[in-house]
Amino acid sequence: MDLFKENPNTADTWERLRADCAGCGRCELARTRHHLVFGVGSETADVMFIGEGPGEQEDLQGDPFVGPAGKLLDTMLAIIGLDRSQVYIANIVKCRPPRNRDPLPDEQAACIGWLDRQIALVDPAILVFLGRIAAMAYIRPDFRITKEHGQWFDVEGRRAIAMYHPSALLRDPSKRPETFVDLKTLQREIKSLNV
Ligand code: URA
């Protein structure tokens, strides 16, 4: 028995995950990125927000939701008395898709293992999916954001809810009242879970 060999059952760590993920070249998006956008926030957060993928500003700065959609996400958090230091924020894909197109299924498949490990490490009680792409990846492949936003689902034992992506709310402000209701639903759940 090799006592110095890494035990495959050893619990994952942030250090190991960051090292594994740094320099990822699992898909074509790696070729055009300026920065890999890993994730930010509290590594012990009770609530984790999951977006789709970095946009231009995120790609340039290396952090999620720092562009116009990120400003709106900050406002959404403030509405329920939170700020980004109290939650964890990450995306389905860690590198910017060209011209902000939807990440392709093979790009998502190549990347999602990193996010799975982030979710396991943060171990949040609540997952909040921002937009259709994120909800389809974790709740159901045929998830309908227009019909199913604001409803609770179970994702591997965690409470999960989807709401409109802040970019969609910037494009179509008429969706904002529904999102306000969804945020209040989320706030009630946070209170009732006492997290
Ligand atoms: N849109 C996303 O889905 N994620 C970001 O980080 C920025 C914009």
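You'll find the structure just up there.
The text that follows walks through the structure, step by step, so that each part is easy to find. (Residues numbered from 1 in each chain as written. Predicted model: local features only at pLDDT ≥ 70, side-chain atom pairs only at ≥ 80, totals over all residues. Heavy atoms only, no water.)

**Structural notes on the pairing of strand β5 (residues 152-155)**
- Of the two faces of β5, only the one carrying Phe153 and Val155 is buried; Trp152 and Asp154 on the other face are not.
- Where β5 and strand β6 (residues 158-163) come together, 4 bridges link them in antiparallel fashion. Following the sheet pairing, Phe153 is matched in β6 by Ala160.
- In textbook terms, the turn of a hairpin is the stretch between consecutive antiparallel strands, and for β5 and β6 this stretch comprises 2 residues, one of which, Glu156, has a positive phi near 45°. (Buried < 20%, exposed > 50% of the residue type's maximum accessible area, 1.4 Å probe, protein only. Helix = DSSP H or I, 4+ residues; strand = E, 2+ residues; numbered from the N terminus. Pairing = 2+ DSSP bridges.)

**Looking at the nonpolar core**
- With 55 residues, the main nonpolar core has Met48, Phe49, Ile50, Val128 and Phe129 as its most contacted residues.
- Here this core gets 6 residues from one element, more than from any other, and that element is helix α5 (residues 105-122).
- Excluding its chain neighbours within four sequence positions, the residues that come into contact with Phe129 are Ile50, Ala134, Ala135, Tyr138, Ile139, Val155, Ala160, Ile161, Ala162 and Met163. (Core = buried A, V, L, I, M, F, W, Y, C linked by side-chain atoms within 4.5 Å. Contact = heavy atoms within 4.5 Å.)

**Things to note about the packing of aromatic side chains**
- Taken as a whole, this structure holds 4 aromatic pairs when the rule is applied.
- When the ring of Trp14 is compared with that of Phe38, the centres are 6.2 Å apart and the planes differ by 75°; the resulting orientation is edge-to-face. Of this pair, Trp14 sits in helix α1 (residues 14-21) while Phe38 sits in the loop between α2 (29-32) and β1 (40-41), placing them 24 residues apart in sequence. With respect to class, Trp14 is no different from Phe38; both count as buried.
- A ring pair is formed by Phe143 and Phe153, whose centres lie 5.6 Å apart and whose planes are at 70°; its orientation type is edge-to-face. (Phe/Tyr/Trp six-rings, centres within 6.5 Å; stacked < 30°, edge-to-face > 60°.)

**A closer look at helix α9 (residues 176-193)**
- Here α9 spans 26 Å end to end across 18 residues, near enough to the 26 Å set by a 1.5 Å rise per residue.
- Of the surrounding elements, those touching the buried residues of α9 are β2 (47-51), α4 (68-79), β4 (126-130), β5, β6 and α8 (166-171).
- Of the residues one or two after α9, Asn194 is the one with positive phi, at around 60°. (Expected span 1.5 Å × (residues − 1).)

**Points about the site of the ligand**
- Near the ligand you find Gly51, Glu52, Gly53, Glu58, Pro64, Phe65, Asn91 and His165, and these make up its full shell.
- Between the ligand and Glu52 there is a distance of 2.7 Å, counted from an oxygen atom to a backbone nitrogen or oxygen.
- Asn91 places a polar side-chain atom, nitrogen or oxygen, 2.8 Å from a nitrogen atom of the ligand.
- Class assignment of the residues belonging to the shell around the ligand gives a composition of 2 nonpolar, 4 polar and 2 charged. (Near = heavy atom within 4 Å. Polar contact = N/O pair within 3.5 Å; in protein donor to acceptor, adjacent residues only side chain to side chain. Nonpolar A, V, L, I, M, F, W, Y, C, P; charged D, E, K, R; others polar.)

**Topic: the environment of Gln61**
- Along the chain, Gln61 falls in helix α3 (residues 56-61).
- Residues Gln61 and Leu36, 25 residues apart in the sequence, show an inter-C-alpha distance of 9.4 Å.
- For Gln61, the residues in contact, after removing those within four places along its chain, are His35 and Val66.

**Thoughts on the sheet that holds β1**
- Taken together, the 6 strands give an open sheet; going across it, the order is β1-β3-β2-β4-β6-β5, and neighbouring strands pair in mixed fashion. What marks the edges here is a single partner per strand, and that holds for β1 and β5.
- The sheet contact formed by β2 and strand β3 (residues 88-91) spans 4 bridges and is parallel. When the sheet's bridge partners are listed, Met48 is paired in β3 with Tyr88.

Read these as spatial facts, not as claims about activity.
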